[in-house]
2 protein chains.
Amino acid sequence: MRELNKTIRGIEKIGHYLTARTQKRLDSLTKPRGSLGRLEELAKQVVEITGDENPPIKNKVIFTMAGDHGVTEEGISAYPKEVTPQMVYNFIRGGAGINVLARHAGARVVVVDMGVACDLEGHPGLVVKKVGYGTKNMAKGPAMTKEEAVKSLENGIEVFKEGFFAECIDIAGTGDMGIGNTTASSAIASVITGKPVKEMTGRGTGIDDKALSNKIRVIKKAININRPDTGDAIDVLSKVGGFEIGGLAGVILAAASRRVPVVIDGFISGAAALIAYRLEPKVKEYMIAAHCSVERGHRIILDYMGLKPLFDFDLRLGEGTGAALGINVVEAAVKILAEMATFKDAGVSEKTDKKR
Amino acid sequence: MRELNKTIRGIEKIGHYLTARTQKRLDSLTKPRGSLGRLEELAKQVVEITGDENPPIKNKVIFTMAGDHGVTEEGISAYPKEVTPQMVYNFIRGGAGINVLARHAGARVVVVDMGVACDLEGHPGLVVKKVGYGTKNMAKGPAMTKEEAVKSLENGIEVFKEGFFAECIDIAGTGDMGIGNTTASSAIASVITGKPVKEMTGRGTGIDDKALSNKIRVIKKAININRPDTGDAIDVLSKVGGFEIGGLAGVILAAASRRVPVVIDGFISGAAALIAYRLEPKVKEYMIAAHCSVERGHRIILDYMGLKPLFDFDLRLGEGTGAALGINVVEAAVKILAEMATFKDAGVSEKTDKKR
């Protein structure tokens, strides 16, 4: 709990003392004012987060965290839970969607075992921060203990900080893997936002109508049995959460505490962001929502935190795939600030009415 | 006219004979079916366009075409027309928004003088395909002759083909520069789509309400005086178009004739796309709309052709900036197809219901 509290206390409210200067600089570049829209907003946000007027975007790291979910025994997923470790090996070998898109963005993927239900073979590309061998079935009782919930957050913080001190992270992304984790995420999001389970529950990896009804029933049951305390994010995480979700919330908190922009992936990352946001609302300004996913409820999560996604590509893979594409856009935005010529340097005339 | 007709005749209807195979391949990759949404659609589109099941996206070229507009004497722009040549020099020196975003996407920018109102200093980075020294004031008569309209299209075709034969273009993007060219584009789009001028006219580089009313009045006047024939794209281009708009329409036609995907930038590129589409509707399937711009009317243009933009970043700079970001996304999509592991290769279990 100490590390968690220390990290939360370390998150500063963003001072907007560089906003006017950065806007002035953007306005001096050879383009009509504001004409690069969202890219200009992103550039300003990164300047404000980092406190650096020329923020570098070199070391790009996506944290893809894996964990298993006891609730899979209720038949809520289209895939068997063996897929979680199988996909972790796929991440390590570089063959998954996140590997392809992270390479495209020039980002490194840090693969973390937060709580896969079996022991994974050791590999230099795998960070083991296991909190347990999968969560317990939340439809029958709490998914984890409060101590485990805190540990998952602190392990996430630790992974970020180890990476940060090893090579200075300029921008972070979040990603998840865990069969059953849309179920946990819907439960978390429903409890925290207060929206009905039905509105918050989607088809995950692709279940049919019957399985969807069952999934909704299971989530309702889990909430009724466990009665998570809406105001207490750790209670929510322990009762209906997941180890990888806690880990990602930890990454988000740690990134904010080190003034590192963090690009949030899809629905599961959104649920992790809700946990982090509930623990410390100041994290919001450090977050950039990459996309709005197909998963029902993701839009509600984003609206709840007041985050505007960059794009909507009908993604529903997770792993950090949307975050990788988002990082690519943020990097483009920062390059605008760094590389464009000014009106003065380029000898380009300014707006007519300015000269009058 | 011969080159234009030959190019139009060379545009084949896309056969969808590879769609099923590509979908099967996408479904064999380690991800839930369809979970990469729009990226999967893009990958399929590029396979269909190129007829290549492993389409390379190496040589990426953005054609940024510049031209001046006689209608600027009506006071329809916030910037003086000297900005057109000044920005061309900025493109050549690499300091403009398009240079930054093209570098980010690993794309080359081909800068073309299609009709700047002065002679530009020679430079190896500048392709001169001048049709004239700016168009005439369309509020007083046709912007150009029919011969010039055809020449602008054919010069655009020529630029694309020269580039294509020199180094094989895998994907093309369109971009524009020309003070006054949102005025011409609104006129073209209003005539071709049949929508009122008012709905089709926006603030361009940033004019105030009074200047906007004047711009609308000028466009209405240009249409009333010239009476362009809606069904004849060359007539529309000659009466209310621009040399760079014709050139970009030529690039689009040439790209389609060589089965090269072409990423369409914002409003001006959209007007060029309308000209190309009216000349040969089959071009539509070769086009990928990068974004929906702030400029009023862009959405109408996209809807008219049935194009769904990839993103909406509130851009209104032109130059090909949105196309550069779009090319980056298309490349990511194609990499998914090329680089992801299959369920079989990665030893990952497939969906539960498939095994029953």
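Residues numbered from 1 in each chain as written. Chains lettered and ligands numbered in written order. Predicted model: local features only at pLDDT ≥ 70, side-chain atom pairs only at ≥ 80, totals over all residues. Heavy atoms only, no water.

J.: What should I look at first to understand the interface of chain A and chain B in this one?
T.: With 59 residues of chain A at the contact, the number on the chain B side is 59 residues. Summed over both sides, the interface between chain A and chain B buries roughly 4,700 Å², with carbon and sulfur atoms accounting for 59% of that surface. When the buried area of chain A at its contact with chain B is split by residue, Y79, H104 and F313 of chain A rank highest and sum to 13% of it. Put simply, chain A and chain B have two salt bridges between them. Taking the shortest distance from any N to any O, the salt bridge between R103 of chain B and E339 of chain A comes out at 2.9 Å. On the surface where chain A and chain B come into contact, there are 21 residue pairs in polar contact (both at pLDDT 80 or more). Secondary-structure elements contributing two or more residues to the side of chain A that touches chain B are α3 (37-50), α4 (83-93), α5 (97-105), α14 (321-339), α15 (343-346) and α16 (352-355) of chain A. Of the residues forming the side of chain A that touches chain B, the biggest block, nine residues, is contributed by α14 of chain A. Looking at the side of chain A that touches chain B residue by residue, the class counts come to 25 nonpolar, 17 polar and 17 charged. (Contact = heavy atoms within 4.5 Å. Buried area = accessible area lost by both parts, 1.4 Å probe. Salt bridge = Lys/Arg side-chain N within 4 Å of Asp/Glu carboxyl O. Polar contact = N/O pair within 3.5 Å; in protein donor to acceptor, adjacent residues only side chain to side chain. Helix = DSSP H or I, 4+ residues; strand = E, 2+ residues; numbered from the N terminus. Nonpolar A, V, L, I, M, F, W, Y, C, P; charged D, E, K, R; others polar.)

J.: What exactly am I supposed to notice about the domain arrangement of chain A here?
T.: Accessible area lost upon the coming together of the parts is a frequently used measure of interface size. All names here are of chain A. For chain A, the assigned domains read domain 1 (2-54 + 338-346) and domain 2 (60-331). Listed by partner, the interface residues are 19 residues for domain 1 and 25 residues for domain 2. At the junction of domain 1 and domain 2, the tally comes to two salt bridges. The salt bridge partner of R259 is E12, with a shortest N-O separation of 2.8 Å. At the junction of domain 1 and domain 2, the tally comes to 14 residue pairs in polar contact (both at pLDDT 80 or more). Elements supplying a minimum of two residues to the side of domain 1 that touches domain 2: α1 (2-9) and α3. In terms of residue count, the dominant contributor to the side of domain 1 that touches domain 2 is α3 (eight residues). Among the residues making up the side of domain 1 that touches domain 2, the classes are represented as eight nonpolar, five polar and six charged. (Domains from an automatic or database assignment.)

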